[in-house]
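# Fold and geometry: a report
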Amino acid sequence: MKQSEFDAWSAGQSYEHYMGRWSRKIAATFVNWVDAPAGADWLEIGCGTGALTEAVLATAAPREILSTDSSADFVAHAASQIRDDRATFKVADAAHLPCPDGSVDVVASALVLNFVPNKLGALAEMHRVLRPDGCVVFYVWDYPGGGMGFIDAFWKAAAEIDPSAADLDEAERFPFCQKDGLAELCRDAGADEVEISAIEVDSRFPDFEAFWHPFTLGAGPAPGFLKSMSEERQQQLKDNLASRFGSGGPVLLPARAWAVKACWTSES
Ligand SMILES: C[S@@+](CC[C@H](N)C(=O)[O-])C[C@H]1O[C@@H](n2cnc3c(N)ncnc32)[C@H](O)[C@@H]1O
């Protein structure tokens, strides 16, 4: 399964609390890893609440960054939070990027590509807008490797309460989100230089309630699924997770992403 009715992308503050704050931690390291030259023109796809946009502005010294997302709600949220003359925001789908051919140095995205139905089509569109010496750079969670710990725990517990949840587990939906799968995807898109590296940070919740709360906010696939459950099943799921982690102490889980840099060096 690639898309899910529970991929709920709205309510910036809820998303930020559920996922944006962890993406921010990856983004800071990611931008350093990308090591783009200062003065570059950046295009971001699926900017969400602006985790990567802010990291680019803070450390990559871009000439400008156009940050786009298919969710008007998220675009409005990010634009209201980020005041920087180098940044502009636009609603756009990955399938139709609002840039002329060969006009961008770096096309970037964070935690987006797995949610795009036609990944090869999106990569072709990213390649279209790249300057000849530009690169596509992105990161996705290591879902198949259990690297996004709190999401992994959620779906494992959810499948015990409701077996239909197993198909919604991002580890099942996005098997390509591992080193070999990502390399293959980029090669299939025609990239001839592909670099991939793991970036891992901690996601630490002071106690079980702090771990549970973001799932109740409705923004993102797991929260969207939780919302669809009856109150009784929600409680069963919460109890199941509490029994895994205990209700008292901190919950500490890995948040591991694969960072990818893809370049098309032998252009015709
Ligand atoms: C997991 S969020 C990541 C948001 C942000 N980049 C971050 O790192 O926190 C996925 C984002 O991709 C956006 N998105 C999903 N499908 C898209 C598409 N086809 N084109 C553009 N954006 C898309 C969603 O609206 C959402 O903002």
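Everything that follows concerns the structure shown earlier in this document.
Residues numbered from 1 in each chain as written. Predicted model: local features only at pLDDT ≥ 70, side-chain atom pairs only at ≥ 80, totals over all residues. Heavy atoms only, no water.

### A short note on the state of the cysteines
Threshold: Throughout, disulfides are identified as pairs of cysteine sulfur atoms within 2.5 Å of each other. Only DSSP runs of H or I reaching four residues or more are called helices, and only runs of E reaching two or more are called strands; each is numbered from the N terminus. Burial status follows relative accessibility: with a 1.4 Å probe on protein chains alone, a residue under 20% of its type maximum counts as buried, one over 50% as exposed, and anything between as partly exposed.
Overall, the coordinates contain one disulfide when judged by the stated rule. Two residues, Cys 135 and Cys 263, share a disulfide whose sulfurs are 2.0 Å apart. The disulfide joining Cys 135 to Cys 263 has a torsion of about 95° about its S-S bond and is therefore right-handed. Taken together, the positions of Cys 135 in strand β5 (residues 130–141) and Cys 263 in strand β7 (residues 251–263) put the pair 128 residues apart, joining distant regions of the chain. With no disulfide partner, Cys 177 has as its closest neighbouring cysteine sulfur the one in Cys 186, 11 Å distant. Residue Cys 186 stays outside any disulfide, its sulfur separated by 9.7 Å from that of Cys 263, the closest cysteine. For Cys 186, a relative accessible area of 1% translates into the label buried.

### Let's talk about the site of the ligand
For clarity, the cut-off: When at least one non-hydrogen atom of a residue lies within 4 Å of a molecule or strand, that residue is treated as near it. Any pair of nitrogen or oxygen atoms within 3.5 Å is treated as a polar contact; in protein, a donor-acceptor pairing is required on top of that, and neighbouring residues in sequence qualify only through side-chain atoms on both sides. Only the protein chains shown count as cover for residues, and all accessible areas are computed by the Shrake-Rupley method using a 1.4 Å probe. Side-chain classes follow a simple rule in which Ala, Val, Leu, Ile, Met, Phe, Trp, Tyr, Cys and Pro form the nonpolar group, Asp, Glu, Lys and Arg form the charged group, and the remainder, Gly included, forms the polar group.
As a structural note, the neighbourhood of the ligand is formed by 18 residues, with Tyr 15, Ser 23, Gly 46, Asp 69 and Ala 110 the closest of them. At 2.7 Å from a nitrogen atom of the ligand is found a main-chain nitrogen or oxygen belonging to Gly 46. Calculation on the ligand without its partners gives an accessible area of 590 Å², and the protein chains cover 96% of this total. Among the residues forming the shell around the ligand, the class breakdown is eleven nonpolar, five polar and two charged.

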